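The primary structure of each chain is shown beneath.
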Amino acid sequence: MEKVQLNLERFLPELRDLERKNVFTKDEISDIVAKRRGFEVACAKRDVQPADYLRYIEYEGRLEKLRRARAARIKKTTRKTLSDHSIAAHVTQLHRLSVRRFPASLALWDAFLSHSLSQASPVLVSRTLSDAIAMHPTHVPYWIMASRWESDGDRKGMGGGNEEAARRLCMRALRFLKGGKGEDEIWKEWIRVEVVFAERMRSRWALLGIGRGEEVKVKKDDVEMEVDGEEEEEGSAEEEKEDVEMPALPEASTNVELDQAAKKVESAAVVSGQEALREGAVAKVVIDSCLSSFNYAITTCESLITFLRTLPTVLRLPLLNHVYTSLASHHTSSDPSYANAVRILATRPLYDRAFDPKEKPELQSVEEGEIVVEGEALVDAVGEAVDAYWKACKGKGKGKAKATGSVEVWESFCQWLEQMEDEEEDENLTVFLSTHLSTALSAAPKSPLLSLLHLRHLLRTEASHPTILAQAKSLTTLFGSAPTPLTTREEAWVARVETIVALSTSADDIGAVFKEAAHSLPFSGRVWDVQAEWVESSGVLSSEEVVSWYETSVRRVLLADAVPPVGFESKFDDSLPPRELIPRRYVAYLTASALSPSDIPAKITELLASSPTLSLSFLSYLLSLPLTLPRKVEETFRTTLHSRIVAHKDAGPDEWLAFALEKLRKGDVEKSGEVVRQAGRTLKGGELKAFERAWARACDGAL
């Protein structure tokens with residue numbers, strides 16, 4: 001408490017000054033002292049938390065804001081006094097104390113940095129950033145913030161202009177983050193620093209009138225000397241004969257001219273070096289180092305290209321071309337990522353746009369993946385992309401020795417054509433894309449993805465039904481069984497069953513395909529879902545036949561082969577496993593059909609009796625059904641469900657507690673006690689203790 005009292009006494013000169021200047025009244029000052037005492041006590045405790053400091057700082061910030069508002073209304077007759085800056089200084093001290101007490105708290109460091117940037121003190125900002133980086137050397141945002149402070153400064157004009165310090169920060173950050181998370185962000189920041197430096201040099205040259213199409217050139221005749229030390233002058237060949245010997249110059253004079261020629265050469269070299277800097281030579285070196293650091297990974301190239309496309313600089317296209325050159329040279333046709341490299345290089349005319357210095361940068365910003373050309377330029381860009389793709393797909397060589405592109409390149413080409421066809425609204429361009437897609441699908445090698453694309457293309461172009469059905473059958477014939485991966489196999493069968501449901505008019509043909517699909521993939525929830533939807537909505541089967549189909553299907557999906565294999569991940573995320581899907585759809589059909597509500601419990605009870613391996617989640621789902629039943633029928637039905645749930649092998653304390661509570665709320669205390677005793681005999685160890693605690697809270701009225 002002595003420390004708290006001492007800290008409060010240090011505020012006395014400030015508070016007296018505020019009272020003397022009529023900023024706060026005596027009562028308000030007393031309230032300020034009381035609030036500060038509470039905050040000081042909280043911060044002096046051993047169990048102080050970062051939130052205590054943040055609350056104290058927030059209060060002092062509001063107090064300073066109020067002081068400024070009132071001081072602005074008071075007529076100033078004197079110079080600035082202690083109270084004009086003491087609260088801000090106190091806030092700074094609180095921030096220092098907080099990060100000293102909790103150096104690992106990023107929230108406190110962020111608050112300190114935000115406060116530092118709001119003060120007119122570049123020294124405070126630099127020191128705070130240095131301390132934050134020292135405590136968190138792997139926190140990328142602090143390195144980037146420090147680099148931008150040194151290179152750009154802030155909106156108030158503080159900081160900035162020190163690109164050398166920004167470079168050193170980026171290099172130091174890369175040493176700390178080598179191989180770690182966020183390394184690519186530091187490389188991007190370093191590239192940005194070099195681009196900003198080049199743009200500033202360009203602006204200075206434009207202001208000074210340098211580099212407006214005039215280059216410093218050293219004439220060849222000015223530096224070429226005779227072996228014997230004699231200089232040839234321009235135009236002498238026209239005025240004198242070739243055999244006339246030029247008068248010898250004094251040695252001293254010759255040395256002076258040699259010095260002048262050397263200075264011209266040095267000047268030209270300096271200008272040439274500065275011109276290279278202005279054209280982004282350093283930024284290109286940094287880009288090369290970045291790509292080399294990540295072994296020219298395709299993801300790094302894509303990330304870097306996306307970043308460069310947003311830079312507001314006239315160097316945008318030269319830097320992008322530099323990346324493209326590196327991408328093409330390091331990703332050959334034998335590389336696994338060659339297809340992605342081809343996609344990036346082929347489609348670049350659609351996404352690259354030169355920066356216009358006369359237009360506002362915010363008007364030139366585009367979202368990632370947004371096409372930046374339109375009209376005739378779009379048509380030309382699409383044509384260039386198609387030509388580049390065809391060149392990559394056809395490969396090199398002639399005749400029999402000609403090599404075709406990899407399957408991945410063909411897939412990338414066809415996917416891109418399909419995507420562009422879906423996105424474009426221009427009819428002529430759509431026809432152009434569709435024509436090339438048809439040609440590409442006909443010439444491409446066989447693969448599951450290309451076959452799916454071919455099927456979708458036939459559906460989109462409204463080809464004849466026999467042609468579409470033949471393609472769907474070919475898809476499952478080629479890729480509907482082993483050794484095709486299970487995920488791809490499921491896509492093939494789902495595509496076929498959806499196609500035949502949409503086009504075929506023969507119920508027998510549809511049923512045969514469904515039977516074949518269920519035999520090949522009994523664990524595919526999507527296949528069963530499509531089949532169940534057709535059975536319900538086709539109108540081919542009566543209600544009794546639909547119920548009979550569901551009963552048979554429930555027993556089928558409960559067999560062992562309907563369990564998804566280990567490692568199988570369906571691409572149809574919205575579909576449930578068959579063991580969950582079919583029973584739920586069956587119950588939903590019963591509740592929505594013309595059956596009497598009183599008949600539904602009997603059907604469900606029959607289902608429970610004939611299917612002993614139903615899942616616990618499905619049994620719990622049955623409890624939530626909105627059935628309107630007589631009271632006794634409903635109680636009997638729910639008791640049957642609860643008894644089946646607690647008898648399940650996966651039942652735990654939650655299921656036993658729900659059973660006991662339902663009996664208790666119904667007023668059946670005897671049955672509730674019986675359930676509790678049965679749970680005590682069934683549950684073991686931690687589950688039993690958890691049930692007993694939950695039951696005790698329920699009895700006390702906590703639940």
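Definitions and cut-offs
- Residues numbered from 1 in each chain as written.
- Predicted model: local features only at pLDDT ≥ 70, side-chain atom pairs only at ≥ 80, totals over all residues.
- Heavy atoms only, no water.
- Helix = DSSP H or I, 4+ residues; strand = E, 2+ residues; numbered from the N terminus.
- Buried < 20%, exposed > 50% of the residue type's maximum accessible area, 1.4 Å probe, protein only.
- Contact = heavy atoms within 4.5 Å.
- Areas by Shrake-Rupley, 256 points an atom, 1.4 Å probe, with all protein chains shown as cover.
- Patch = residues over 30% accessible without salt bridge, like charges linked within 9 Å, V, L, I, M, F, W, Y side chains within 5 Å.
- Salt bridge = Lys/Arg side-chain N within 4 Å of Asp/Glu carboxyl O.
- Phe/Tyr/Trp six-rings, centres within 6.5 Å; stacked < 30°, edge-to-face > 60°.
- pLDDT = per-residue confidence, 0-100.
- Lys, Arg positive; Asp, Glu negative; His and termini not counted.
- Charge placed at Lys NZ, Arg CZ, Asp CG, Glu CD.
- Axes fitted to C-alpha atoms, helices over the stretch in contact; angles between N-to-C directions.
- Parallel < 35°, antiparallel > 145°, perpendicular 65-115°, else oblique.
- Left-handed = near helix turned anticlockwise from the far one by under 90°.
- Nonpolar A, V, L, I, M, F, W, Y, C, P; charged D, E, K, R; others polar.
- Core = buried A, V, L, I, M, F, W, Y, C linked by side-chain atoms within 4.5 Å.
- Expected span 1.5 Å × (residues − 1).
- Arc of directions from axis to C-beta.
- Disulfide = S-S within 2.5 Å.

Looking now at the overall build of the chain. Across its full length, the chain carries 33 helices and 0 strands. The buried share of the chain, taken over its 703 residues, is 41%. Counting contacts in the chain only where the partners sit at least 6 residues apart, residues at least 24 apart contribute 61% of the total. For the chain, the exposed surface amounts to about 40,100 Å²; the carbon and sulfur share of it is 53%.

What follows deals with a nonpolar patch on the surface. A surface patch of nonpolar side chains, about 350 Å² in accessible area, is lined by Leu207, Leu208 and Ile210. Positionally, leucine 208 belongs in helix H10 (residues 183–208). Overall, the relative accessible area of 63% leaves leucine 208 in the exposed class.

For the structure on display, the rule yields 44 salt bridges. The shortest N-O distance in the salt bridge between arginine 55 and aspartate 52 comes to 2.4 Å. One end of the pair is arginine 55 and the other is aspartate 52, both in helix H4 (residues 50–73) and 3 residues apart, which spans about a single turn. For arginine 55, a relative accessible area of 43% translates into the label partly exposed. Exposure remark for aspartate 52: the relative accessible area of 12% places this residue in the buried category. With its nearest N and O atoms 3.8 Å apart, the salt bridge here joins glutamate 516 to arginine 496. You can see glutamate 516 sitting in helix H24 (residues 507–520) and its partner arginine 496 sitting in helix H23 (residues 486–503), a full 20 residues away along the chain. Overlapping salt bridges bring together Arg148, Asp152, Glu163, Glu189, Arg192 and Arg200 as one network.

Right, let's get into the packing of aromatic side chains. Applying the stated criterion across every chain yields a total of 16 aromatic pairs. Note on tryptophan 390 and tryptophan 410: the rings are 5.8 Å apart at their centroids and 85 degrees apart in plane angle, and the pair reads as edge-to-face. Placement of the pair is tryptophan 390 in helix H18 (residues 376–394) and tryptophan 410 in helix H19 (residues 407–423), with a sequence separation of 20 residues. Overall, the relative accessible area of 12% leaves tryptophan 390 in the buried class. In this structure tryptophan 410 comes out as buried when scored by relative accessible area, which is 5%. Centre to centre, the rings of tryptophan 390 and phenylalanine 413 are 5.2 Å apart; their planes meet at 80 degrees, and the pair counts as edge-to-face. Of this pair, tryptophan 390 sits in helix H18 while phenylalanine 413 sits in helix H19, and the two are 23 residues apart along the sequence. Exposure remark for phenylalanine 413: the relative accessible area of 0% places this residue in the buried category. By the ring-pair criterion, three or more aromatic residues cluster together here, those being Tyr389, Trp390, Trp410, Phe413 and Trp416.

Another point: the environment of threonine 499. Examined against the element boundaries, threonine 499 turns out to sit in helix H23. When its relative accessible area of 5% is taken as the criterion, threonine 499 is described as buried. Through-space distance from the C-alpha of threonine 499 to that of arginine 456 is 9.6 Å; in sequence the pair is 43 residues apart. If we skip the residues at most four places from it in the chain, threonine 499 touches Leu455, Leu459, Ile468, Leu469 and Ala472.

With that settled, consider the confidence of the model for the chain. When pLDDT is averaged along the chain, the result is 84; 88% of the residues meet or exceed 70. Scored below 50 in pLDDT, residues 397–403 makes 7 contacts in the model with residues more than four places away or belonging to other chains.

What follows is about unusual backbone geometry. The peptide bond linking alanine 482 to proline 483 adopts the cis configuration, its omega dihedral lying at 10 degrees. One can find proline 483 in the loop between helix H22 (465–479) and H23. Residues other than glycine seldom take positive phi values, yet asparagine 295 does so here, at roughly 55 degrees.

Moving on: a negative patch on the surface. The grouping of Glu376, Asp380, Glu384 and Asp387 at the surface amounts to a negative patch. Among the structural elements, glutamate 376 can be located in helix H18.

At a minimum axis distance of 10 Å, the contact between helix H25 (residues 525–537) and helix H26 (residues 543–557) shows a crossing angle of 165 degrees. If you check the angle between H25 and H26, you find them roughly antiparallel. Where H25 crosses over H26, the handedness of that crossing is right-handed. Of H26, the residues touching H25 (which contributes Trp528, Gln531, Ala532, Val535 and Glu536) are Val546, Trp549, Tyr550, Ser553, Arg556 and Val557. Here the residues of the contact of H25 with H26 sort into 7 nonpolar, 2 polar and 2 charged.

Here we take up the nonpolar core. Membership of the largest hydrophobic core comes to 70 residues, with the highest contact counts inside it found for Ile186, Ile191, Ile287, Leu304 and Leu308. Those residues in contact with isoleucine 287 that lie beyond four places of it in its chain are Ile191, Leu304, Leu308, Leu319, His322 and Val323. If you look at the next biggest cluster of nonpolar residues, it comprises 48 residues, including Trp528, Val546, Tyr589 and Leu623.

Our focus in this paragraph is helix H3 (residues 26–44). An α-helix turns once per 3.6 residues; consequently, residues spaced three or four apart project the same way. The end-to-end C-alpha separation of H3 is 27 Å, in line with the 27 Å expected for 19 residues at 1.5 Å each. Among all positions of H3, only Ile29, Ile32, Arg36, Phe39, Glu40, Ala42 and Cys43 are buried. Taken down its axis, H3 places every buried residue within 160 degrees of arc, on the same side. Turned more than 90 degrees away from the buried face of H3, the exposed residues are Lys26 and Asp27. Those residues of H3 that are buried lie in contact with helix H1 (2–9), helix H2 (12–20), H4 and helix H5 (86–101).

A few words on the side chain of arginine 585. Structurally, arginine 585 is set in helix H27 (residues 578–592). Taking relative accessible area as the criterion, arginine 585 reaches 16% and is therefore assigned buried. Among residues more than four places away in sequence, those in contact with arginine 585 are Asp529, Ala532, Glu533, Glu536 and Tyr550.

So, about the environment of valine 675. Checked against the element boundaries, valine 675 lands in helix H32 (residues 669–682). Spatially, the C-alpha atoms of valine 675 and serine 643 are 9.6 Å apart, while their sequence positions differ by 32 residues. For valine 675, the contacting residues outside a window of four places in its chain are Trp656, Phe659 and Ala660.

Another point: the state of the cysteines. Applying the stated rule across the entire model yields 0 disulfides. Free cysteine: cysteine 393, not disulfide-bonded; nearest cysteine sulfur from cysteine 414 at 7.1 Å. The exposure class assigned to cysteine 393 is buried, which follows from its relative accessible area of 0%.

Quick look at the packing of helix H29 (residues 616–623) against helix H30 (residues 631–646) now. At a minimum axis distance of 10 Å, the contact between H29 and H30 shows a crossing angle of 160 degrees. In terms of orientation, H29 and H30 fall into the roughly antiparallel class. Both H29 and H30 take part in a crossing whose hand is left-handed. Residue-level contacts link Leu616, Leu619, Ser620, Leu622 and Leu623 of H29 to Arg638, Leu641, His642, Arg644 and Ile645 of H30. Counted by class, the contact of H29 with H30 contains 6 nonpolar, 2 polar and 2 charged residues.

Now for H10. A rise of 1.5 Å per residue sets the reference length of H10, with its 26 residues, at 38 Å; its end C-alpha atoms lie 38 Å apart and thus fit the reference within 8%. Two residues or fewer past H10, glycine 209 is found with a positive phi of approximately 75 degrees.

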